[in-house]
Amino acid sequence: MESTEGYVKYQLGLPHIDHLIAVLCVVAIVYKLTMLLAQRRAAMQSMELFPGPPSHWLFGHLKEFKQDGSDLKKILKWGQQYPYAFPIWFGPFVCFLNIHHPDYVKTILTSTEPKDDMIYTFAKPWMGDGLLVSEGQKWFRHRKLLTQGFHYAVLKPYVNLMSDSVKTMLDKWESYAKTNESFELFNHVSLMTLDSIMKCAFSYNSNCQTESGTNEYIKAVYEIRNLINLRFTTFPYHNDLIFYLSPHGFRQRKACKVAHSHTGEVIRKRKEALQDENELDRVQGKRNVDFLDILLLARDENKQGMSDEDIQAEVDTFMFAGHDTTASAMSFILYSLACHPEYQKMCRDEVLQALDGKDTMEWEDLSKIPYTTMFIKESLRLYPPVPGMSRITTKTITFFDGRTLPAGSRIGTSLYPLHRNATVWENPEVFDPLRFLPENVSKRPPYAFVPFSAGPRNCIGQNFAMNELKVSTALTLQRYHLIEDPTQTPQIIPRIVLCSLNGLHIKIKPVDP
């Protein structure tokens, strides 16, 4: 009898519990909505001084971006309509001030304002808390520890390794040279730069260029960067739980697992090789020190090294930054050479004279190709490999024209319109390597050209990247004529790196010995 009475009371209490849960859910939803509306109101107030293109109350400017190769042209058009800066809304609550003038860019990049807490957070499941996304004391400590990994004494032996990777790629191109067949660059160049970063920074022969089939790591990187872009442009995916439960969240976790497995294997093998070594000087006495040696053995002033988690994050960061961004830059350089045969000839003549019959590039040769270096920089101007950078303000920012932006505002530096800003660059759409003659560079604002960012958070690996671009360009020109394919116009789109929806296609023919 007592048990029956207790059961009845239990059943009678259930509706009250359900009611309480329902009330709590409603309260949580109302609270979240209130916070989002307050966020929208604050963003609208912060952008009052900056007129911009009309936006939809719900979608913002998202419907303006078609993902069909026209988005960067639209950004460029808006930049011409709204000098210096204009707001872009990604949905109803997230707004960035898009800046595209050197003096505005200088204000942000010379500051200590942190990376934006949204875009870079989306990359954390992949790259952890590495140099690209870390902040504060952790970033400063890691930057200091890793800077020695990019000293010229460390970079110098890499040039021969880069040459080997490039020659492997060029050997594979012989079939295209014989048939006059058009082919897509990006995948070939991505495998080459992955092969190169593995050899240089990690002393690891992956054979990724000669293996049959598509490299799983490359596939995973493409998948992750596309999903990060999708998440950024899909407002509901800004919520961590919604994205986690979505099919795209599952795909990202799967791709991250593949990427982490790849880098984890590299770290594991090196740890085994270094198990009897605990000082960089001892390693240096036996062989060339690479980036991974420094990651594993570098110590700060307190004799403390990096944790296993930090090492994994930095390896993932540099594996991406050392191959994907460079692959984008190199692909557009080769495409630009194909589109400008007159400049291609001038570069080739210079390269052939510098190499003087050698079939490889050496450290001393890097300084012998000034015109080719100017061509590379002009390609980086028109096709910056990283299309943008973003920060979030922690205090009021005042720009040179007196306009201000309050704390908590998001700022995006858009390199595509910055590098084509008509107030800085004469005939900005014209490809002209001579823009980078020293006397012309000195006339421009220093922050008009920032393909590797600038200021305290500039790219730590920019010298490595420029060396690889020079080596790859020179050896390619020595061996092949590059020819434009007029039937394949690139549909250029901004992702984490600049790429083309339909790829970058060229034809080649051998250079007459």
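Residues numbered from 1 in each chain as written. Predicted model: local features only at pLDDT ≥ 70, side-chain atom pairs only at ≥ 80, totals over all residues. Heavy atoms only, no water.

**Thoughts on a nonpolar patch on the surface**
(1) Moving on: Together, Trp 57, Leu 58 and Phe 59 give the surface a local cluster of nonpolar side chains, amounting to about 320 Å² of exposed area.
(2) Moving on: You can see Leu 58 is positioned in the loop between helix H1 (2–46) and helix H2 (71–81).
(3) Moving on: Accessibility expressed as a relative area gives 33% for Leu 58, which makes it partly exposed. (Patch = residues over 30% accessible without salt bridge, like charges linked within 9 Å, V, L, I, M, F, W, Y side chains within 5 Å. Areas by Shrake-Rupley, 256 points an atom, 1.4 Å probe, with all protein chains shown as cover. Salt bridge = Lys/Arg side-chain N within 4 Å of Asp/Glu carboxyl O. Helix = DSSP H or I, 4+ residues; strand = E, 2+ residues; numbered from the N terminus. Buried < 20%, exposed > 50% of the residue type's maximum accessible area, 1.4 Å probe, protein only.)

**Digging into the UniProt feature "binding site: heme" (unreviewed entry) in the chain**
(1) Moving on: On the UniProt side, "binding site: heme" (unreviewed entry) is annotated at positions that read Cys 459 here.
(2) Moving on: Within the secondary structure, Cys 459 sits in the loop between helix H19 (438–441) and helix H20 (462–479).
(3) Moving on: Under the relative-accessibility criterion, Cys 459 is labelled partly exposed at 31%.
(4) Moving on: Leave out the neighbours within four places in its chain, and Cys 459 touches Arg 143 and Phe 452. (UniProt positions renumbered as here; feature names shortened; annotations may be inferred. Contact = heavy atoms within 4.5 Å.)

**Overview of the UniProt feature "transmembrane region" (unreviewed entry) in the chain**
(1) Moving on: The positions UniProt marks with the feature "transmembrane region" (unreviewed entry) are residues 20–38 and 82–99.
(2) Moving on: Structurally, residues 20–38 is divided into 100% helix and 0% strand, and its ends, taken at the C-alpha atoms, are 27 Å apart.
(3) Moving on: With 0% helix and 67% strand, residues 82–99 has end C-alpha atoms that lie 10 Å from one another.

**Brief notes about the packing of helix H17 (residues 370–382) against H20**
(1) Moving on: Between H17 and H20, the shortest axis-to-axis distance is 10 Å and the interhelical angle comes to 115°. Considering their axes alone, H17 and H20 lie roughly perpendicular with respect to each other. The chirality of how H17 crosses H20 is right-handed. Each of Thr 372, Thr 373, Ile 376, Lys 377 and Leu 380 in H17 lies in contact with H20, whose residues at this interface are Met 466, Leu 469, Lys 470 and Thr 473.
(2) Moving on: A class-by-class count of the residues in the contact of H17 with H20 yields four nonpolar, three polar and two charged. (Axes fitted to C-alpha atoms, helices over the stretch in contact; angles between N-to-C directions. Parallel < 35°, antiparallel > 145°, perpendicular 65-115°, else oblique. Left-handed = near helix turned anticlockwise from the far one by under 90°. Nonpolar A, V, L, I, M, F, W, Y, C, P; charged D, E, K, R; others polar.)

**Considering the packing of aromatic side chains**
(1) Moving on: Here the structure, examined in full by the defined rule, presents 30 aromatic pairs.
(2) Moving on: Seen from their ring centres, Phe 291 and Phe 318 are 4.4 Å apart, and the 50° between their planes marks the pair as tilted. One end of the pair, Phe 291, is in helix H14 (residues 291–297); the other, Phe 318, is in helix H15 (residues 308–339), with 27 residues separating them in the sequence. Across this residue pair, the class does not change: Phe 291 and Phe 318 are buried.
(3) Moving on: A network of ring pairs unites the aromatic residues Phe 65, Trp 78, Tyr 82, Phe 86, Phe 90, Phe 96 and Phe 232 as a single cluster. (Phe/Tyr/Trp six-rings, centres within 6.5 Å; stacked < 30°, edge-to-face > 60°.)

**Here we look at the sheet that holds strand S8 (residues 480–484)**
(1) Moving on: Spatially, S3-S11-S8 is the arrangement adopted by the three strands of the open sheet, whose pairing is antiparallel. Strands at the two margins of the open sheet, each flanked by one partner only, are strand S3 (183–184) and S8.
(2) Moving on: In terms of strand pairing, S3 meets strand S11 (residues 505–510) through two bridges, oriented antiparallel. Bridging from a neighbouring strand, Phe 183 pairs with Ile 506 of S11. (Pairing = 2+ DSSP bridges.)

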